[in-house]
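A structural walkthrough
Spelled out from the first residue to the last, the chains are:
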Amino acid sequence: MALIGYARVSTEDQATFSQLDELKAAGCAVIFEEKASGASRARPELAKAVARAQRGDVLVVARIDRLARSLSHLLEVIEGLEAVGAHFKSLRDPIDTSTPQGKFALQVLGAAAELERALIRERTKAGLRAAKARGRVGGNPALKRRDPEAIAQLSAIRDRQYMADLLASMAAWLPKVRALRPANSWGKVAKTLGRLGSPDRPWTADRLSRAVRRLVAEGLAESALIEPAPRKPPKDDILLVIAGIKGADPEISLRAIAARLEDMRIRTPRGGTTWSASSVKALLDRAERTGLVTPTGKASSNRQRGSKGPKDP
């Protein structure tokens, strides 16, 4: 069993020192630190901590609000841990999901935290309505005057939201991407995914490529996924490849050539991934007719004539 720590503060001005001390004292050998709002789900370090957890491991935080500020997000993280047989523990709260009492306490405290945030939202909306009734128009004055700092802040907010959407949906589509990439092009993979994980609109090659590259940059996906897809050679190129294999080893069998083509990730003329001996034979015959490969019979007879030496006069 491994104890995996997670420490979070909301702003750059805050420090995680006290949380780190508590987590280390609790026995956490690995600790993920993050500076992000608790209301935001775009937290790569939290995603890495959850992804690292294996069966029997425990994700540990100093306080429950360091993990999540909404009950839905809290339960989502817990469900992700339980799916792999891992648990969650809060040091300052009576929460340890490895026990029934801990699970009950988790739901009660999470519901209370969500109620408090809902009340805050209602008070904020009431204040905005009162201000509007008095003629005060909302909006960000800095954005209206195109202030660079305000634009950068807005861009950062949008980027966090984009990351949050990826983290929320990646479980639905990333496994299929892993199964199809990099053997297939982005366009083909996007067409296969359709609207999976993106119910509002279907995937496109550009959107999918950008999403996977972002996950790779955040350490949430393997770099092999963004390697270039193998170029599908035209039929004539396939003939050249087969001719080259045959020329390098005239005694090679049809099945061995088929295996070599599969290792090279060269697709069949019909787009398949598995080569049969008959398909190789058909292309070898064509290569012989075009002069790319010496016919087997002629090569054999040439070798036989060469072994007998010159005829007597």
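For clarity, every value in this text was computed on a predicted model and none was experimentally measured. (Residues numbered from 1 in each chain as written. Predicted model: local features only at pLDDT ≥ 70, side-chain atom pairs only at ≥ 80, totals over all residues. Heavy atoms only, no water.)

Further remarks concern the packing of aromatic side chains. Evaluated as defined, the whole model comprises one aromatic pair. Lying across the ring of Trp203, Arg207 places its NZ or CZ 4.7 Å from the centre. (Phe/Tyr/Trp six-rings, centres within 6.5 Å; stacked < 30°, edge-to-face > 60°. Lys NZ or Arg CZ within 6 Å of the ring centre and 35° of its normal.)

Across the sheet, which stays open at both edges, the five strands sit in the order β2-β1-β3-β4-β5 with mixed pairing between neighbours. Whereas interior strands pair on both sides, the edge strands pair on one side only; in this sheet they are β2 (30–35) and β5 (95–96). As judged from the three bridges shared by strand β1 (residues 3–9) and strand β3 (residues 58–61), these two strands associate in the parallel manner. Across the sheet, Leu3 pairs through a bridge with Val58, a residue of β3. Sitting on the sheet, helix α2 (residues 44–52) is in contact with β1, β2 and β3, with an inclination near 160 degrees to β2. (Pairing = 2+ DSSP bridges. Helix = DSSP H or I, 4+ residues; strand = E, 2+ residues; numbered from the N terminus. Contact = heavy atoms within 4.5 Å. Axes fitted to C-alpha atoms, helices over the stretch in contact; angles between N-to-C directions.)

Where helix α10 (residues 254–263) meets helix α11 (residues 277–289), the closest approach of the two axes is 8 Å, and the angle between their N-to-C directions is 95 degrees. Considered as vectors, α10 and α11 are oriented roughly perpendicular to each other. Contacts between α10 and α11 involve Leu254, Arg255, Ile257, Ala258 and Leu261 from the former and Ala277, Val280, Lys281 and Leu284 from the latter. Tallied by class, residues from the contact of α10 with α11 come to seven nonpolar, no polar and two charged. (Parallel < 35°, antiparallel > 145°, perpendicular 65-115°, else oblique. Nonpolar A, V, L, I, M, F, W, Y, C, P; charged D, E, K, R; others polar.)

This brings us to helix α8 (residues 205–217). What sets the pattern is the α-helix's 3.6 residues per turn: residues three or four places apart point alike. Compared with the 18 Å implied by 1.5 Å per residue over 13 residues, the 18 Å span of α8 between its first and last C-alpha is a close match. Here α8 has its buried residues at Arg207, Leu208, Ser209, Ala211, Val212, Arg214, Leu215 and Val216. Just downstream of α8, Gly219 is the residue with a positive phi angle, here 80 degrees. (Expected span 1.5 Å × (residues − 1). Buried < 20%, exposed > 50% of the residue type's maximum accessible area, 1.4 Å probe, protein only.)

This part is about unusual backbone geometry. For the peptide bond that leads from Arg181 to Pro182, omega is -5 degrees, which places it in the cis range. Position of Pro182 relative to the elements: it lies in the loop between α6 (148–180) and α7 (186–193).

The pairing of β1 with β2 spans six bridges and is classified as parallel. Residue Gly5 lies in a different strand from β2, and its bridge partner there is Ile31. Tracing the backbone out of β1, into helix α1 (residues 17–25) and back to the parallel element β2 gives a crossover that is right-handed. (Right-handed = clockwise from strand over helix to strand, strands pointing away.)

Take the side chain of Thr268 next. By secondary structure assignment, the location of Thr268 is in the loop between α10 and α11. Within the structure, Thr268 has its side chain in polar contact with the backbone nitrogen of Gly272 (distance 2.8 Å). Thr268 has contacts with Thr274 and Trp275, leaving out every residue within four places of it along the chain. (Polar contact = N/O pair within 3.5 Å; in protein donor to acceptor, adjacent residues only side chain to side chain.)

Quick look at the confidence of the model for the protein chain now. Close inspection of predicted coordinates is inappropriate for parts of the model with low pLDDT. For the protein chain, per-residue confidence averages 81 on the pLDDT scale, and residues scoring 70 or more make up 88% of the total. Across the protein chain, β3 holds the top mean pLDDT of 94, while helix α12 (residues 296–308) sits lowest at 45. Every residue in residues 297–313 scores below 50 in pLDDT, and together they form two contacts with partners more than four places removed in sequence or on other chains. (pLDDT = per-residue confidence, 0-100.)

The next thing to look at is the environment of Leu167. Relative to the helices and strands, Leu167 is located in helix α6. Counting along the chain gives 126 residues from Leu167 to Arg41, while the straight-line C-alpha distance between them is 7.5 Å.

This part covers the pattern of salt bridges. Applying the stated rule across the entire model yields eight salt bridges. Between Arg214 and Asp159 there is a salt bridge, with its nearest N and O atoms 2.8 Å apart. Of the two residues, Arg214 sits in helix α8 while Asp159 sits in helix α6, which places them 55 residues apart along the sequence. With a relative accessible area of 17%, Arg214 lands in the buried category. (Salt bridge = Lys/Arg side-chain N within 4 Å of Asp/Glu carboxyl O.)

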